[in-house]
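Spelled out, the chains give:
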Amino acid sequence: MLEIESPTSLCFRANTTCNALLRELQKIWVDIGESDAEKDRMLMELEKECLEIYRRKVDEAANSKAQLHQSLVSIEAEIASLVAALGVLNIHSPIKAKEGSKSLKEKLAAVRPMLEDLRLLKDERMKQFVDIKAQIEKMSGEISGYSDQLNKAMLGSLALDEQDLTLRKLNEYQTHLRSLQKEKSDRLNKVLDYVNEVHTLCGVLGVDFGQTVSEVHPSLHRTDHEQSTNISDDTLDGLQHMIDKLKTEKRVRFQKLKDVAGSLFELWNLMDTSQEERTKFARVSYVVRSSESDITEPNILSTETIEQVSAEVDSFNKLKASRMKELVMKRRSELENLCRLAHIEANTSTSLEKSTALIDSGLVDPSELLTNIELHINKIKEEAHSRKEIIDRIDRWLSACEEENWLEEYNQDETRYSAGRGGHVNLKHAERARITVNKIPSMVDNLIKKTLLWEDETRKSFLYDGVRLVSILEDYKLTRKQQEEEKKRYRDQKKMQDLLVKRRESIYGSKPSPRRSNSVKKPNGYNGDASVPPTPRRNSAGATNTDIMTPRSYSSHRQNGYFKEVRRLSTAPLNYVAVPKEDSVSTYTSVYGSEPDSPLYN
């Protein structure tokens, strides 16, 4: 290796070389015979030339030093700028770390690696900023719908400043990017929800989905994946407006189909349409029974479906017109049947005879007549509903009256206590019947109160087959009271007859013949029970008629044509004077179950 000489040794060696050359030059001058003046002149020139060379070298060295110093200052300034821009806090200057080193080149060699590292760090940081900014610009464009004004306003606040590449600034960009990503995700989900709702509505209405959403924005129904879905405010507003429009159309079609289907169902019921024909429109019946929000079946509210149902209604209307007379007769029969079940008098203005005559004469439109009958039917149904509770009470009262009649016949049966087949069943039935019959007076009183309350609420009389129910019940109570009085007189008469029998036995010493022991006729089916008055029946000729009129008997009389003549109940007194003498001394051997010797009490 070559050894580097010190400046002192170099200077000494230069001086030695210069002296040797000067001596050689002087020797040459001597040989030449130069004068001293010439020698001095040439020495002066030689010295001058040496000074110029030294001066030039010094200047070059000074310039080199200045350049090195300027480079060092520039590098330090760039390092300071990069450190400030990148926000690097843990950078230590190698110049300060090596204060003993005075060489500029050493200082430059020490700072250049740091500069390169900072430049690389800046490039990486710039790349991160550029990538994030590009994503922000893209998402901002998608959100704003690529509006120039919105983009300029948004990107103006995100202008990239190379003097601020700190991690804090980078975090701000990343935070903004994340907020945009979240907003994009929310908007995309909202768009998808809107699109799904539009798809459902289009399916229900039978509308082309692709064409509908393309009216809002073509990207909503793209066939390729190159174009991203537009999620701008305009798109969201357009979808919302389209949904409102489709919902309005759905509401209109739903009501229209419901009305048309309701008319179709009425015509079906009116024309007695078979179940097989109704099955064709089973989907439509679902609409009538459902609410608007429940309708999700595809094409159920399409114009084709509504037109089909409307066409079916039109065909039934034509068929209805040809069968109008038959329909009027049918609905009138239905009206009369409802009136019969509700015990309400039907309106005679639309009777079968009058309806037939009006239709045949052409004076009345059958449709108007049918509408009038329909109104009567609805009115009767409403009134029957309000009368239901009272009608049920009437049925229970009539059932109790039937039990009373059965008990009367049972008490007239002389073999009722025999041990025959079914005897114990009849005994139990009779016991239950007595309990029911004993409740009849309270039934009647409660029924009168309920009827009067109904009349006060409705401000009209409660008619039962054309007769005021309260009048029927009051007549029933009066007749029942009269029969109670008759039974009391009969018991008194029986006591007198028993007394006459005892006197006759004491005078003549004879007893009634067993053959005639049961020969006394019982007025009105009376059986001797003073506690439960019977419901009278129509007796054979010669017997006294004291029938208790019930709603059924009123109705029966009315149907037989002489209802008006029996509005007032007649109760003729019993003619005990006409009883035959032999019968007057006879006794009853069987008495109502309340007698002490009855098997019910044994």
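Below is a summary of the structure that appears in this document. Owing to the predicted nature of the structure, the values given are computational and were not obtained by experimental measurement.

Looking only at helices and strands, one finds 19 helices and two strands in the protein chain. Classification of the 602 residues of the protein chain by burial places 32% in the buried group. Across the protein chain, contacts joining residues at least 24 apart in sequence account for 74% of those joining residues at least 6 apart. On the protein chain, roughly 38100 Å² of surface is accessible, and the fraction owed to carbon and sulfur atoms is 53%.

Among the nonpolar cores identified, the biggest contains 76 residues, and I79, L118, L301, V309 and V328 are the most heavily contacted of them. Here this core gets 15 residues from one element, more than from any other, and that element is helix α8 (residues 233-271). L118 has contacts with I79, L82, V83, L86 and V88, leaving out every residue within four places of it along the chain. If you look at the next biggest cluster of nonpolar residues, it comprises 24 residues, including V437, V444, I448 and L473.

Turning our eyes to something else, we now look at the packing of helix α16 (residues 440-458) against helix α17 (residues 469-508). The interhelical angle for the contact between α16 and α17, taken along N-to-C directions, is 155°, at an axis separation of 10 Å. Comparing the axis directions of α16 and α17 gives the class roughly antiparallel. Crossing of α16 over α17 shows left-handed handedness. Taken together, the residues of α17 that come into contact with α16 (itself represented by I440, P441, V444, D445, L447, I448, T451, L452 and E455) are L469, V470, L473, E474, Y476, K477 and R480. Of the residues that constitute the contact of α16 with α17, the class distribution is ten nonpolar, one polar and five charged.

This next bit is on the pattern of salt bridges. Should their charged atoms come close, side chains of opposite charge can pair. Applying the stated criterion to the full structure yields 28 salt bridges. Across the pair E45 and R41 runs a salt bridge whose closest N-O atoms are separated by 2.7 Å. Note that E45 and R41 are positioned in helix α2 (residues 36-86) at a spacing of four residues, about one turn of the helix. Owing to a relative accessible area of 39%, E45 belongs among the partly exposed residues under this scheme. Here R41 falls in the partly exposed class, since its relative accessible area comes to 36%. One salt bridge connects D498 with K494, and the closest N-O pair in it is separated by 3.4 Å. In this pair, D498 and K494 are both assigned in helix α17, four residues apart and thus about one turn of the helix distant. What makes D498 partly exposed here is its relative accessible area of 25%.

All right, on to the packing of helix α6 (residues 167-205) against helix α7 (residues 209-216) then. As a packed pair, α6 and α7 sit with axes 9 Å apart at the nearest point and diverge in direction by 140°. Put simply, α6 runs oblique to α7. Read as a crossing pair, α6 and α7 show a hand that is right-handed. On the side of α6, the interface is formed by V195, V198, H199 and C202, while α7 contributes F209, T212 and V213.

One pair of aromatic rings is described through two measures. These are the centre distance and the angle between the planes. Across all of its chains, the model carries six aromatic pairs by this definition. Taking 4.9 Å as the distance between ring centres and 85° as the angle between the ring planes, the aromatic pair formed by W397 and Y476 counts as edge-to-face. Highlighted residues: W397 in helix α14 (residues 366-412) and Y476 in helix α17, separated in sequence by 79 residues. Plain terms: the ring middles of W406 and Y410 are 5.2 Å apart, the flat faces sit at 10° to each other, and that makes the pair stacked. Pair noted here: W406 and Y410 are both in helix α14, with a separation of four residues, about one helical turn. Judged by its relative accessible area of 6%, Y410 is buried. Ring pairing ties together the aromatic residues F265, W268 and F281, which thus form one cluster. Its guanidinium or amino end placed over the ring of F462, R387 lies 3.9 Å from that ring's centre, counting from NZ or CZ.

Turning to the side chain of H343, a few remarks are in order. Its location among the elements puts H343 in the loop between α12 (324-342) and α13 (352-361). Polar contacts involving the side chain of H343 include one to the side chain of Y464, which spans 3.1 Å. Contact partners of H343, with chain neighbours within four places excluded, come to R387, I391, L463, Y464 and D465.

The next point concerns the side chain of T212. Inspection of the secondary structure puts T212 in helix α7. Ignoring any residue separated from it by four or fewer positions in sequence, one finds T212 in contact with V198, C202, V207, M242 and L246.

A few words on α6. With 39 residues, α6 extends 56 Å from end C-alpha to end C-alpha; this agrees with the ideal 57 Å at 1.5 Å per step. Positive backbone phi, at 70°, marks G206, one or two positions downstream of α6.

Rules behind the numbers
Residues numbered from 1 in each chain as written. Predicted model: local features only at pLDDT ≥ 70, side-chain atom pairs only at ≥ 80, totals over all residues. Heavy atoms only, no water. Helix = DSSP H or I, 4+ residues; strand = E, 2+ residues; numbered from the N terminus. Buried < 20%, exposed > 50% of the residue type's maximum accessible area, 1.4 Å probe, protein only. Contact = heavy atoms within 4.5 Å. Areas by Shrake-Rupley, 256 points an atom, 1.4 Å probe, with all protein chains shown as cover. Core = buried A, V, L, I, M, F, W, Y, C linked by side-chain atoms within 4.5 Å. Axes fitted to C-alpha atoms, helices over the stretch in contact; angles between N-to-C directions. Parallel < 35°, antiparallel > 145°, perpendicular 65-115°, else oblique. Left-handed = near helix turned anticlockwise from the far one by under 90°. Nonpolar A, V, L, I, M, F, W, Y, C, P; charged D, E, K, R; others polar. Salt bridge = Lys/Arg side-chain N within 4 Å of Asp/Glu carboxyl O. Phe/Tyr/Trp six-rings, centres within 6.5 Å; stacked < 30°, edge-to-face > 60°. Lys NZ or Arg CZ within 6 Å of the ring centre and 35° of its normal. Polar contact = N/O pair within 3.5 Å; in protein donor to acceptor, adjacent residues only side chain to side chain. Expected span 1.5 Å × (residues − 1).

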